[in-house]
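What follows is each chain in one-letter form.
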Amino acid sequence: MTTSTRTVSGDAGTGSGPVVVTGLGVAAPNGLGVEEYWRAALAGRSGIAPITRFDPAGYSVRIAGQLDIEPKKHLPGRLLPQTDHMTRLALIAAEEALADAGADPKEMPAHAAGVVTAASGGGFEFGQRELEALWSKGGNHVSAYQSFAWFYPVNTGQVSIRHDMRGPGSALVAEQAGGLDAISKACRNVRAGTALMLAGGVDGSLCPWSLVCMTKSGRLSNATDPDRAYLPFDAAASGHVPGEGGALLVLEARAAARERGARILGEIAGYASTFDPRPGSGREPGLRRAVELALADARITAADVDVVFADAAGVPDLDRIEAATLAAVFGPRGVPVTAPKSLTGRLLGGGASLDVASALLGLRDGVIPPTAAAVHCAYADEIDLVTGAPREARLGTALIVARGYGGFNSALVVRR
């Protein structure tokens, strides 16, 4: 059965009025911080490169979107022993997003701010290190922090503790689609009366354990040339490249944001999610239904959409389905389509929220960030894929599409 959810239109939930974005925080393989990432995206600068954090010689995948930092430059020393690399990136993105919004939850009433994050699995790198200690040295050498540092809700917990965000807190696991689902859930919290929500996803620690788990999907590229490893919508597509990072967004009711004089980056206008039918059923995938329901939730038509940020799986069958879906909804070459994730790799639970951030920045600047220059679209009769260089455009509304491993589909509409 294919099911759907519509959750963010103006009269949804127990509250009313639009939910807007007032702050962004980004951690991406090609840029740490919003503006550094955005400059890289517009310049077509890739963060995909050979893995250097460990020796990948014995693995079928040797290329990734790796994001290395010096933790001591960004975080208090007390947090370092208890956090995985993934969580450190989330804490950095959260701090940037709240500062960008001009909001300090510690100065707000208790329970006025909350956190919803998406993740695919949790702190794999931390978990692998402690399991190795268990096997080689014994239980007395395993950190007590292992009890939570590996857990998929850990980003929500650590961010909420650090910023005293005692309102609604939750975590969603839907792989690439999870970033959109987290934003939608946070919108429901705002409409239910929470003053401020931090939402999105930061994911993807790169270590041997996580890499082995990801290769089991059969969707990772085995290419060794970073420029040719991830080619969504290309005839040479052979899978995607894993990456780490993502984006977190500050969400507030528009009326409240205006009252406190906050800068508004855009509105979360519509959302929908669906599940694919059972494999082998012969029924249509759920992606088109998710897109159409998201447009309906935003009370717009396909003609109102100015740009689509594609899921861009890099898997031939999935690319074909997405291209056909977009052509069916918008008409052949009916709307510009882009996949800036081709410069970062797919960031698991963080990928879709980074696309939302990119869409908002594109609306702000009137420009569509490009897909990697190496991509030559094999579906040029169906989609107008922006490649190689940014495209200036008058942008008012963007659609973000995401699919998670296992049949999850989500679509989200943002507008200026």
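Going along each chain's sequence as written, the residues are numbered from 1 onward. In view of the model being predicted, local features appear only for residues whose pLDDT reaches at least 70, and side-chain atom pairs are presented and counted only at 80 or more, with totals across whole chains, interfaces and linings using the full set of residues. To get the side-chain values, take all heavy atoms of the structure and skip hydrogens and water.

Draft legend 1. How the structure looks around helix α1 (residues 34–43). Exposure categories follow from relative accessible area, calculated using a 1.4 Å probe and restricted to protein chains: below 20% of the type maximum is buried, above 50% is exposed, and the middle band is partly exposed. Secondary structure elements follow DSSP: runs of H or I of four or more residues count as helices, runs of E of two or more count as strands, with numbering from the N terminus. The set of residues buried in α1 consists of V34, Y37, W38, A40 and A41. Down the axis, α1 shows its buried residues gathered within 165 degrees of arc, on one side only. In α1, those exposed residues whose orientation departs by more than 90 degrees from the buried face are R39 and A43. Summarising the contacts, the buried residues of α1 are in contact with β2 (19–28), β3 (31–32), α2 (85–101), α11 (351–365) and β13 (367–368). Two residues or fewer after α1 comes G44, characterised by a positive phi angle close to 70 degrees. The reported arc concerns the directions from the helix axis to the C-beta atoms and nothing else. Contacts are residue-level and defined by heavy atoms, with any inter-residue pair within 4.5 Å sufficient.

Draft legend 2. Summary view of the pairing of strand β10 (residues 266–275). Counting buried positions along β10 yields nine of 10 residues, so the element is predominantly enclosed. One bridge is not enough; two strands pair if DSSP finds at least two bridges between them. Inspection of the sheet shows β2 paired to β10 by three bridges, in the antiparallel sense. Within β10, the position partnered with V21 by the bridge is G266. Taken together, the eight bridges between β10 and strand β17 (residues 408–415) define a ladder with antiparallel strand orientation. Following the sheet pairing, I268 is matched in β17 by V414.

Draft legend 3. Representation of the domain arrangement of the protein chain within the structure. Assigned domains within the protein chain: domain 1 (19–259) and domain 2 (269–415). Residue ranges assigned to the domains are those given by an automatic or database domain assignment. Between the C-alpha centres of domain 1 and domain 2 the distance comes to 21 Å. If you look at the interface, domain 1 gives 59 residues, while domain 2 gives 59 residues. Two parts placed together each lose some accessible area; with a 1.4 Å probe, that loss summed over both constitutes the buried area. Interface of domain 1 and domain 2: buried area, both sides summed, is about 4500 Å²; carbon and sulfur atoms make up 67% of it. Three residues stand out in domain 1 for area buried against domain 2, namely Q176, L180 and F233, and they jointly supply 22% of the buried area on that side.

Draft legend 4. Spatial organisation of the nonpolar core. As used in this record, nonpolar core signifies buried Ala, Val, Leu, Ile, Met, Phe, Trp, Tyr and Cys residues forming a set joined through side-chain atoms within 4.5 Å. In this structure, L24, I183, L251, V356, L412 and V414 are the most contacted members of the largest nonpolar core, which totals 47 residues. For this core, the element with the highest residue contribution is α11, accounting for eight residues. Those residues within four positions of L24 in sequence are excluded, and the remaining contacts are V34, E96, A97, D100, L248, L249, L265, A357, L360 and L361.

Draft legend 5. Representation of the pattern of salt bridges within the structure. The salt bridge criterion pairs a side-chain nitrogen of Lys or Arg with a carboxyl oxygen of Asp or Glu, the two atoms within 4 Å. Scanning all chains against the criterion turns up 19 salt bridges. Residues R166 and D164 are paired through a salt bridge, measuring 2.7 Å at the closest nitrogen-oxygen approach. Take R166: its relative accessible area is 55%, and that puts it in the exposed class. Its relative accessible area of 30% is what places D164 among the partly exposed residues.

Draft legend 6. Structural context of unusual backbone geometry. Of note in this structure, E175 is not a glycine but carries a positive phi near 50 degrees. Tracing the chain through its elements places E175 in the loop between β7 (169–172) and α6 (178–191). A positive phi angle, near 70 degrees, is found at F233, a position not held by glycine.

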